[in-house]
Amino acid sequence: MPRKKKNHENVFSVKPFFKKILYACFFGIVITLFVFLLLAGVTNAYFYSTIKDRDSLINSRNSGILLLDNKGDPFFAFYNSKRKKYVALSQISRHVERALIISEDRDFYRHGGVSIRGIIRAMGLDFKDKSFSYGGSTITQQLVKNVLLTPEKSLVRKYQEAVLAGQIEARYSKEEIMEMYLNSIYFGEGSFGIEDASQTYFGKNAKDLSIAQASFLVSVIPSPSRLSPYNGNRQQAYKIQKIILASMKDENVITEEEYANAIDEELIFKNNNEDTNNIAPHFALMVRDELFKKYGEEKIVRSGFTVKTTLDTAFQEYAEVSVKNQVEKLGVNKVTNGAAVIMDPKSGEIKSLVGSADWADEKNGKINMAITPRQPGSSFKPFIYASALEEKYISPATVLKDEKTSFKDPNCPSCTEYVPRNYDGEFHGNVLVRRALANSLNIPAVLVMQKVGIPKALAKTNELGISTLSKNPTDYGLSLVLGAGEFPLVEMVQAYSSFANKGELSNYKLYTEIKDKMGETIFVSEDTKKRVWSENVAFLISSILSDNQARAEEFGNALNITRTAAVKTGTTDSYKDAWTIGYTPDLVVGVWVGNNDNTPMDQVAGSLGAAPIWRDLMEKFSEGKPNKDFEKPSGIIQLLICRSNGLKAKNASTSATYTEYFIPGTELSKECTEEIKPTDAPKEKDDQEKKIQEILDRIQSDQQGLLEEIQRRREERRGRFKKN
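What counts, and where the lines are drawn
Residues numbered from 1 in each chain as written. Predicted model: local features only at pLDDT ≥ 70, side-chain atom pairs only at ≥ 80, totals over all residues. Heavy atoms only, no water. Core = buried A, V, L, I, M, F, W, Y, C linked by side-chain atoms within 4.5 Å. Buried < 20%, exposed > 50% of the residue type's maximum accessible area, 1.4 Å probe, protein only. Contact = heavy atoms within 4.5 Å. Axes fitted to C-alpha atoms, helices over the stretch in contact; angles between N-to-C directions. Helix = DSSP H or I, 4+ residues; strand = E, 2+ residues; numbered from the N terminus. Parallel < 35°, antiparallel > 145°, perpendicular 65-115°, else oblique. Left-handed = near helix turned anticlockwise from the far one by under 90°. Nonpolar A, V, L, I, M, F, W, Y, C, P; charged D, E, K, R; others polar. Phe/Tyr/Trp six-rings, centres within 6.5 Å; stacked < 30°, edge-to-face > 60°. Lys NZ or Arg CZ within 6 Å of the ring centre and 35° of its normal. Pairing = 2+ DSSP bridges. 1 Å grid on protein atoms, 1.4 Å probe; cavity = no way out; pocket = protein on both sides within 12 Å on 5 of 7 lines; lining within 4 Å. Points joined across faces, edges and corners; volume = space filled by probe spheres on them.

A.B. asks: I'm lost on the nonpolar core in this one. Help?
C.D. replies: When a protein is soluble and globular, its nonpolar side chains tend to lie buried together. The biggest cluster of nonpolar side chains holds 95 residues, and the ones touching the most others in it are Phe383, Tyr385 and Tyr583. In contact with tyrosine 385, not counting residues within four places along its chain, are Ile394, Leu400, Val433, Ala436, Leu437, Leu441, Pro444, Ala445, Val448 and Ile541. Counting 49 residues, the second-largest nonpolar core is a separate cluster that includes Val87, Ile139, Tyr181 and Met248.

Okay, here's the thing in structure tokens:
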């Protein structure tokens, strides 16, 4: 059988394919080299003027955080005083340099800016730990990252880092590089450079640091925030310090005796006094902490952020004095603190936030009570009533029984039954929803909670942005409606804003724009609203809470101001907390008074403790603006009904009837047939005009005193700010 001829043509036809691959690889390599050479040239040209001399290089990354108010004026600064403290290498303890080289770059005095051994070592550690967190950067590369580049991790950025490290090594001696590095590295707590860190942590000059102190400061460099001895994991920093000390001993940098002494030395840290200004310190710290959480502490501080906040400093100054004055008046009633939050319900912007009555009060002033969860008492009720209105379980004219009632715990059928009582200790018989909510009756509120159910109540509070409640319904009973949970004032104000803004919720915001030191915009806030109630429900709640006549039975004129405003108070058991939260269509004001340690006040209810501040702030911040009523949606039904039973009234309007509003489908068609006595109605105000004038006179007198006090404090603060 003849042998088949080999197809040589097919064999050799493959060669052009391989040639194409080789050509593609060759040109790819050439193009890549060209791109990297071009990038190196552009990088060197861009940073040439910065790295040409030491002063330009070390000052290229001025740091700090500057806060502006909503008009663009500065009112608070963090770390600005810590920007340019430069010390010579001769004025730094040699133990710092030795510990740093052992910890960060053992080949520092041998490489030319990039260490191949360091990269290989880092790759080995990455492979071993499967963490890919070891960078292999030399001290020179870290200097480049600190003063020229951002902490971004990418191949291009790493290449730029290496290029610039080579340029710095060519221009400066190793001693100069070490000196610049030690003056630019971030040590946490706003401290840039070894001198700042030495003063911040130990209260001494860098030249006087002991081996133990020097090694500890080096130990926090990898993660300054996480390892801070004040606000971080001090024990983890100690572990790293011991590893550094052991390496120094093994490399004969320190003797056995020095090692033993350093291990035994007890580090005494300086008291950490926060670098704060005098106006809105709690607000400023909230902004700072939110930024740290979002961007990271070192990036923000090193980038020199300028932040335009939502704060109205005129509001803030007035609110601070108002809260302080009221708390001082209530001192005889065992009240030591207060807080207030003022918010624009349309934008969510916080216009003023007073976290304590007196920041200088070492015992009570430093805790921000505007963000500290506390029991809100009856100020929580509107959310449950609104949920019931939304589900059409009730209308404002639904009859609820206010009588002694035992409720079974839905989560514990075998438990003792829950028997709530009203604040005044009395029972009021059949009451309409409007009267029950306006006068804050407890038993009807528990009945409404029973209709809504705990799961729906928790789901709604979560939707409103209240973060402190568990999502597990078994954690709560029906007493949740009376404020058995704990809520921060700022989140309660945010939740109330949904009623003021026709059912739409805007999460509270503290700042609107961020720019870095180069003027580049980092962040611009956006309007993000979500509907949490229908317009009908929001209007009904606002109608009830702004009904001066309906609440006069329990509160008289204690909550009335000279414009339409919805308001609700809250008082917890044993008078541990007193709340007042209220709003107009354009403003929400929330106030808390009490004691940080939960010590009971001396019978200070929300209407007596917090309401005077609320009235004062609401009147002041609405000054000169036209009165606005809550706008009635087109779908709302309006009917004349009987006060006694909520049925449609046959006759013309009398003191026994009133106009009520209904969501379509919740109104009753049945007419009121029983004889109506005028005395069935809640108590009317005797002389409305006279009482309003009394309120105006009182407010005018109080405000004049507040304005004089504010003017005095304003001059003091401006002087201190300019000095700083």
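From this point, things continue past the structure.
A.B. asks: Which parts of the structure should I look at to understand the packing of helix H6 (residues 139-147) against helix H8 (residues 174-184)?
C.D. replies: The description of two helices packed together rests on the angle between their axes and the distance between the axes. In the contact formed by H6 and H8, the axes pass within 10 Å of each other and the chain directions differ by 45 degrees. It follows from the interaxial angle that H6 and H8 lie oblique. Note that H6 runs across H8; the crossing there is left-handed. Contacts between H6 and H8 involve Ile139, Thr140, Gln142, Leu143, Asn146 and Val147 from the former and Ile177, Met178, Met180, Tyr181 and Ser184 from the latter. Split into classes, the residues belonging to the contact of H6 with H8 amount to 7 nonpolar, 4 polar and no charged.

A.B. asks: Looking at this model, I keep getting lost on unusual backbone geometry. Mind explaining?
C.D. replies: A negative phi holds for most residues other than glycine; trans holds for most peptide bonds. Of note, the phi angle at lysine 334 is positive, near 65 degrees, even though the residue is not glycine. Relative to the elements of secondary structure, lysine 334 occurs in the loop between helix H16 (313-329) and strand E4 (337-343). Among the residues examined, lysine 334 registers a relative accessible area of 55% and is labelled exposed. Even without a glycine there, the phi angle at serine 440 is positive, about 55 degrees.

A.B. asks: What is the right way to read the packing of aromatic side chains from this model?
C.D. replies: For any pair of aromatic rings, the description consists of the separation of the ring centres together with the inter-plane angle of the planes. The full count for this structure, using the stated rule, is 24 aromatic pairs. With 5.3 Å between their ring centres and 25 degrees between their planes, phenylalanine 202 and phenylalanine 269 make a pair best called stacked. One end of the pair, phenylalanine 202, is in helix H9 (residues 194-202); the other, phenylalanine 269, is in the loop between helix H13 (256-264) and helix H14 (281-295), and 67 residues separate them in sequence. By the burial criterion, phenylalanine 202 is buried, and phenylalanine 269 matches it. Members of the aromatic cluster, joined through ring pairs, are Phe380, Phe383, Phe487, Tyr496, Phe499, Trp533, Tyr583 and Phe630. The ring of phenylalanine 78 has arginine 288 lying over it, and the distance from NZ or CZ to the ring centre is 5.4 Å. The aromatic ring of tryptophan 359 is capped on one face by lysine 366, whose charged end is 4.8 Å from the ring centroid.

A.B. asks: What is the right way to look at the sheet that holds strand E2 (residues 74-78) in this model?
C.D. replies: Whether parallel or antiparallel, the strands of a sheet pair through hydrogen bonds between backbone atoms. Taken together, 5 strands build an open sheet; the order of strands is E2-E1-E3-E9-E10 and the sheet is mixed. The sheet is open, and its two borders are formed by E2 and strand E10 (521-524), each paired with just one other strand. Taking the axes of each pair of neighbouring strands and ignoring which way they run, one obtains an average angle of 20 degrees across the sheet. Of the strand pairs in this sheet, strand E1 (residues 65-68) and strand E3 (residues 305-309) are connected by 4 bridges, and their pairing is parallel. Along E3, the bridge assignment pairs leucine 66 with threonine 306.

A.B. asks: Got a minute to help me understand empty space enclosed by the protein in this structure?
C.D. replies: Once rolled over the atoms, a probe with the size of a water molecule shows which space is left empty. This model, assessed by the stated rule, comprises 2 cavities of 30 Å³ or more. Lining the largest cavity are Leu437, Ala438, Ile544, Leu545, Asp547, Arg551, Phe555, Leu559, Val567, Lys568 and Thr569. For the lining of the largest cavity, the secondary structure elements donating two or more residues are helix H18 (433-438), helix H22 (535-545), helix H23 (548-555) and strand E12 (566-571). The biggest single contributor to the lining of the largest cavity is E12, with 3 residues.

A.B. asks: Is there a simple way to think about the packing of helix H4 (residues 94-104) against helix H12 (residues 234-250) in this case?
C.D. replies: Where H4 contacts H12, the two axes come as close as 9 Å, and the packing angle between them is 95 degrees. Our classification of the angle between H4 and H12 gives roughly perpendicular. Counted together, His95, Arg98, Ala99, Ile102 and Ser103 of H4 and Ile244, Ser247 and Met248 of H12 form the full contact between these two elements. Taken together, the residues of the contact of H4 with H12 sort by class into 4 nonpolar, 3 polar and 1 charged.

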